[in-house]
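Examining the three-dimensional arrangement
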Amino acid sequence: MDVRETIERRMSVRAYLPTGVPDGLIRELLTMASRAPSGGNVQPWKVYVVNGSSRDEIVKLARERGPEEPEYPIYPERLWEPYRTNRFKLGEAMYATMGIPREDKEARFRWFARNQEFFGASAGLFCFVDRGMNKPQWSDLGMFLQTFMLLAVDAGLDTCAQESWSLYPRTVSEFCNAPEELMLFCGMAIGYRDDNHPVNTLRSERVPVDEFATWV
Ligand SMILES: Cc1cc2nc3c(=O)[nH]c(=O)nc-3n(C[C@H](O)[C@H](O)[C@H](O)COP(=O)(O)O)c2cc1C
């Protein structure tokens, strides 16, 4: 697939069919995604894959245990403009696809909890980083993850990166048997999209180029 078309087609898919994803395919995509650049070629990504029964087990465990103290704050405490509005618009647009109004906190909460079911995807991954790493290495994780997500689209799969898993650091680390020196950054749902679910009609907005780029 053409790279532009792949970028256009990639979106966060938040409803999946129960169709299984072959481990071999995930392995192939991870191998290829590791061609992502990283400062000094440090390659700081550490990935734990859950698929089929292991996916079911972590979903069950997360539900039983509930959220924990996160190890890092996902957003700054008070997000400012224009970021605050960007985030707000995304949330409102997403809930609008499903007809969930602002007042219906319970329905919104229930939807949020679907994160910890990988939105129904039969596979997922957890991306960790060594605690000793600095900000640049965290940005390397993003390069790796985006490369993986594009390759997934190319392979007929869909994904949703999920910071919400950072609310389950101990549960996930214990389950994956990840060493103490690793910190959970995020999870990711991997699977085949449910085209009949309204949430997948969401097309997130972007700010125009002149609002984020300056020619000096
Ligand atoms: C690192 C990262 C973490 C994310 N965490 C979540 C999450 O926990 N739950 C969720 O529904 N979407 C999550 N998203 C998806 C973003 O909301 C989404 O990328 C953004 O709204 C742009 O939409 P698009 O991916 O469809 O283009 C995450 C995205 C990234 C890059």
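Residues numbered from 1 in each chain as written. Predicted model: local features only at pLDDT ≥ 70, side-chain atom pairs only at ≥ 80, totals over all residues. Heavy atoms only, no water.

Digging into the packing of helix α3 (residues 53-65) against helix α7 (residues 169-176)
Look at α3 against α7: their axes get within 10 Å of each other, and the N-to-C directions meet at 145 degrees. Considering only the axes of α3 and α7, their crossing is right-handed. On α7, the residues touching Ser-54, Glu-57, Ile-58, Leu-61, Ala-62 and Arg-65 of α3 are Thr-171, Val-172, Glu-174 and Phe-175. Per-class residue counts for the contact of α3 with α7 are 5 nonpolar, 2 polar and 3 charged. (Axes fitted to C-alpha atoms, helices over the stretch in contact; angles between N-to-C directions. Helix = DSSP H or I, 4+ residues; strand = E, 2+ residues; numbered from the N terminus. Left-handed = near helix turned anticlockwise from the far one by under 90°. Contact = heavy atoms within 4.5 Å. Nonpolar A, V, L, I, M, F, W, Y, C, P; charged D, E, K, R; others polar.)

Topic: the packing of helix α2 (residues 23-33) against helix α6 (residues 135-154)
In a packed pair of helices, the relevant descriptors are the angle between the two axes and the axis-to-axis distance. At a minimum axis distance of 9 Å, the contact between α2 and α6 shows a crossing angle of 135 degrees. Relative to α6, the element α2 lies oblique. Handedness of the α2/α6 crossing: right-handed. On α6, the residues touching Ile-26, Leu-29, Leu-30, Met-32 and Ala-33 of α2 are Phe-144, Thr-147, Phe-148, Leu-151 and Ala-152. When grouped by side-chain class, the residues that make up the contact of α2 with α6 number 9 nonpolar, 1 polar and no charged. (Parallel < 35°, antiparallel > 145°, perpendicular 65-115°, else oblique.)

Points about the site of the ligand
In the region of the ligand, 15 residues are neighbours, and Ser-12, Arg-14, Glu-163, Ser-204 and Arg-206 sit closest. Arg-10 is positioned such that a nitrogen or oxygen atom in its side chain is 2.9 Å from an oxygen atom of the ligand. Arg-14 is positioned with one of its side-chain polar atoms (N or O) 2.7 Å from an oxygen atom of the ligand. Counting residues per element, the shell around the ligand draws most heavily on strand β3 (residues 158-162), which supplies 3 residues. Among the residues forming the shell around the ligand, the class breakdown is 6 nonpolar, 5 polar and 4 charged. (Near = heavy atom within 4 Å. Polar contact = N/O pair within 3.5 Å; in protein donor to acceptor, adjacent residues only side chain to side chain.)

Comments concerning the pattern of salt bridges
According to the stated counting rule, one finds 14 salt bridges in the structure shown. Residue Glu-64 is joined to Lys-60 by a salt bridge in which the shortest nitrogen-to-oxygen separation is 3.3 Å. A residue pair is termed a helical-turn pair when its members lie 3 or 4 positions apart in one helix, as Glu-64 and Lys-60 do in helix α3 at 4 residues. Across the pair Arg-108 and Glu-92 runs a salt bridge whose closest N-O atoms are separated by 3.0 Å. Placement of Arg-108 in helix α5 (residues 105-113) and of Glu-92 in helix α4 (residues 83-97) is noted, with a sequence separation of 16 residues between them. (Salt bridge = Lys/Arg side-chain N within 4 Å of Asp/Glu carboxyl O.)

With respect to the state of the cysteines
Applying the stated criterion across every chain, the model contains 0 disulfides. You can see Cys-160 has no disulfide; the closest cysteine sulfur is in Cys-186, sitting 9.8 Å from it. Judged by relative accessible area, which is 2%, Cys-160 ranks as buried. Cysteine Cys-176 shares no disulfide, and the gap to the nearest cysteine sulfur, in Cys-127, comes to 11 Å. (Disulfide = S-S within 2.5 Å. Buried < 20%, exposed > 50% of the residue type's maximum accessible area, 1.4 Å probe, protein only.)

Concerning the sheet that holds β3
Taken together, the 4 strands give an open sheet; going across it, the order is β1-β2-β4-β3, and neighbouring strands pair in antiparallel fashion. Two strands bound the open sheet, and with one partner strand each, they are β1 (46-51) and β3. Each strand of the sheet is rotated relative to its neighbour by a mean of 20 degrees, with strand direction disregarded. Sheet analysis places strand β2 (residues 123-130) next to strand β4 (residues 182-191), joined by 8 bridges and oriented antiparallel. Residue pairing in the sheet places Phe-126 in a bridge with Gly-187 of β4. α2 contacts β1 and β2 of the sheet and is inclined by roughly 160 degrees relative to β1. Packing of α6 onto the sheet brings it into contact with β1, β2, β3 and β4, and relative to β4 it is tilted by some 10 degrees. (Pairing = 2+ DSSP bridges.)

Concerning the side chain of Asn-115
Among the secondary structure elements, Asn-115 is positioned in the loop between α5 and β2. If sequence neighbours within four positions are ignored, Asn-115 has contacts with Gln-162, Ser-164 and Trp-165.

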